[in-house]
Amino acid sequence: MAPLLSITDLQVHFRTPRGVSRAVEGVSFDVNAGETLAIVGESGSGKSVTSMAVLRLLPTKTTRVSGSIRFEDRELLDLSEDEMRGIRGNAISMIFQEPMTALNPVLTIGSQIAEALMLHQGLGKRQALARGTEMLDLVGIPAAARRMSDYPHKLSGGMRQRVMIAMALACEPRLLIADEPTTALDVSIQAQILELMRSLKARTGAAVVIVTHDLGVVAEVADRVAVMYAGQKIEEASATQLFARPHHPYTSGLLRAMPRLGTSLHDPDWTLASIPGQVPSPFSRQEGCAFAPRCAKAKDVCRRHRPALRPAEDGHSHACHFPDNATGADHV
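All values derive from a computational prediction rather than experimental measurement. (Residues numbered from 1 in each chain as written. Predicted model: local features only at pLDDT ≥ 70, side-chain atom pairs only at ≥ 80, totals over all residues. Heavy atoms only, no water.)

Visitor: Help me understand the overall build of the protein in this model?
Guide: Looking only at helices and strands, the protein features 12 helices and 11 strands. Each principal axis of the C-alpha atoms in the protein carries an extent, and together these give about 65 × 55 × 45 Å. Within the span of the protein, comprising 332 residues, buried residues form 49% of the whole. Accessible surface, the protein: about 16,100 Å² in total, of which carbon and sulfur atoms supply 53%. (Helix = DSSP H or I, 4+ residues; strand = E, 2+ residues; numbered from the N terminus. Buried < 20%, exposed > 50% of the residue type's maximum accessible area, 1.4 Å probe, protein only. Areas by Shrake-Rupley, 256 points an atom, 1.4 Å probe, with all protein chains shown as cover.)

Visitor: Sorry if this is basic, but what is going on with the pairing of strand β10 (residues 232-238) here?
Guide: The side chains of a regular strand alternate, residue by residue, between the two faces of the sheet. By the criterion of burial, β10 is predominantly enclosed, with 6 of the 7 residues buried. Direction of pairing for strand β9 (residues 224-229) relative to β10: antiparallel, over a ladder of 6 bridges. Looking at β10, one finds that Tyr229 is bridged to Gln232. In sequence, β9 turns back onto β10 through a hairpin of 2 residues, with Ala230 there showing a positive phi of about 55 degrees. Summarising the sheet, β10 and strand β11 (residues 317-318) pair through 2 bridges and their orientation is antiparallel. Residue pairing across strands places Glu235 opposite His318, the latter belonging to β11. (Pairing = 2+ DSSP bridges.)

Visitor: Got a minute to help me understand the pattern of salt bridges in this structure?
Guide: Side-chain pairing between opposite charges can occur once the charged atoms of the two side chains come close. Within the structure shown, the criterion is met by 18 salt bridges. Arg224 is the partner of Glu35 in a salt bridge, and the nearest nitrogen-oxygen pair spans 2.6 Å. Taken together, the residues Glu35 in the loop between β2 (19-31) and β3 (36-40) and Arg224 in strand β9 connect sequence positions 189 residues apart. Judged by its relative accessible area of 18%, Arg224 is buried. A salt bridge links Arg174 to Glu72, with the nearest nitrogen and oxygen atoms 2.5 Å apart. With a gap of 102 residues between them, Arg174 in the loop between α7 (157-170) and β7 (175-179) and Glu72 in the loop between β4 (63-71) and β5 (74-75) connect regions that are remote in the sequence. The network of salt bridges with shared partners includes Glu35, Arg224, Lys233 and Glu236. (Salt bridge = Lys/Arg side-chain N within 4 Å of Asp/Glu carboxyl O.)

Visitor: Help me understand the environment of Thr182 in this model?
Guide: Within the fold, Thr182 resides in the loop between β7 and α8 (187-204). A C-alpha to C-alpha distance of 20 Å links Thr182 and Ala257, two positions 75 residues apart in sequence. Discounting residues that sit within four places of it in the chain, Thr182 has contacts with Gln161, Gln190, Leu194 and Val217. (Contact = heavy atoms within 4.5 Å.)

Visitor: I tried to follow the packing of helix α4 (residues 109-121) against α7 on my own but got confused; where do I start?
Guide: Axes are the key here: two packed helices are described by the angle between their axes and the distance separating the axes. Closest axis-to-axis distance for the α4/α7 pair is 9 Å, and the angle between their directions is 20 degrees. With respect to α7, the element α4 is oriented roughly parallel. As α4 packs across α7, the resulting crossing turns out to be right-handed. Side by side, α4 and α7 meet where Ile109, Gln112, Ile113 and Leu117 of the first sit next to Val163, Met167 and Ala170 of the second. Partitioned by chemical class, the residues of the contact of α4 with α7 number 6 nonpolar, 1 polar and no charged. (Axes fitted to C-alpha atoms, helices over the stretch in contact; angles between N-to-C directions. Parallel < 35°, antiparallel > 145°, perpendicular 65-115°, else oblique. Left-handed = near helix turned anticlockwise from the far one by under 90°. Nonpolar A, V, L, I, M, F, W, Y, C, P; charged D, E, K, R; others polar.)

Visitor: Whenever I open this one, helix α1 (residues 47-54) confuses me. Can you help?
Guide: Two residues of an α-helix separated by three or four positions point the same way, owing to the 3.6 residues in each turn. Among the 8 residues of α1, 6 are classified as buried, and the element is accordingly described as predominantly covered. Turning to α1, its buried residues are Lys47, Val49, Thr50, Ser51, Ala53 and Val54. Backbone geometry just after α1 places Arg56 at a positive phi near 55 degrees.

Visitor: Help me understand the packing of aromatic side chains in this model?
Guide: Two measures describe an aromatic ring pair: the distance that separates the ring centres and the angle between the ring planes. For the structure on display, the rule yields 3 aromatic pairs. Where Tyr229 meets Tyr250, the ring centres are 4.7 Å apart and the plane angle is 55 degrees; that geometry is what we call tilted. Here Tyr229 is found in strand β9, whereas its partner Tyr250 is found in helix α11 (residues 249-256), with 21 residues between them in sequence. Under the relative-accessibility criterion, Tyr229 is labelled buried at 2%. Ring geometry for Tyr250 versus Phe291: centroids 5.4 Å apart, planes at 65 degrees, classification edge-to-face. Within this pair, whereas Tyr250 is found in helix α11, its partner Phe291 is found in the loop between α11 and α12 (300-304), the two being separated by 41 residues in sequence. By the ring-pair criterion, three or more aromatic residues cluster together here, those being Tyr229, Tyr250 and Phe291. (Phe/Tyr/Trp six-rings, centres within 6.5 Å; stacked < 30°, edge-to-face > 60°.)

Right, dumping it as structure tokens:
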């Protein structure tokens, strides 16, 4: 069976006054129906740009997108803008990272949710508003019927985030892209939202791509994980494999930086691990491994030759000359 979403050699370059910004460099991955793929990495790794490219929401005049993005065996990069409008918010929905700016400030919450339902699902206005009220209630907004007539400025950041999630789930999409969906939410609401996403997947067989830096969320919901660094995919594995035996030193560093249960800030022997340095500028071309300047294991070969992504029989792929938790020499 063909994947629901298949991305092959995706490259996204932005033209700017400073030069060309290479935000995404040759990323490939598949997402099957009913599967949750988490894309993780620190700020500047290309996670959000990758997700925006799927829905073709990047500025067309300053952006060059190449490669292939196939959804239900249709090449999205070849579709007209009218054809993409029929897909956005319907077959593919997105929970945006910035709820404070993603909602239209001059339209009520109810009208914004109802618009998508009337356009894509063919509902009448009364039916659409009733469905919108139901969705607000599902995402934990109190007095949902009253909130339907509110404007976005009347809602807190966390409540706006929940409205965005309600809008994304309203049409029961076949693919949900969630860009930091639990940002600005307290822990109890986070759990409720993640459960809602799981429920959608179980009920409709939808696939979910969740973009996050929160490895706790990844452990909670993901089937597979793709790790990105400096615009490249550097590791991919099942969530179980990745947490048990990370291969790339960057992934190992991310896992070591997670707080552990039972540790205390007041313990003098406790320190939170960190990865020294910072992500390289997207304006500069890296001759070798992009992570080499920050990697304690880096050798001359790492600085000279970029490692290719190496697939493994168990589906655990990595792009590293000297991977962690691997048997034998793996360098060139």
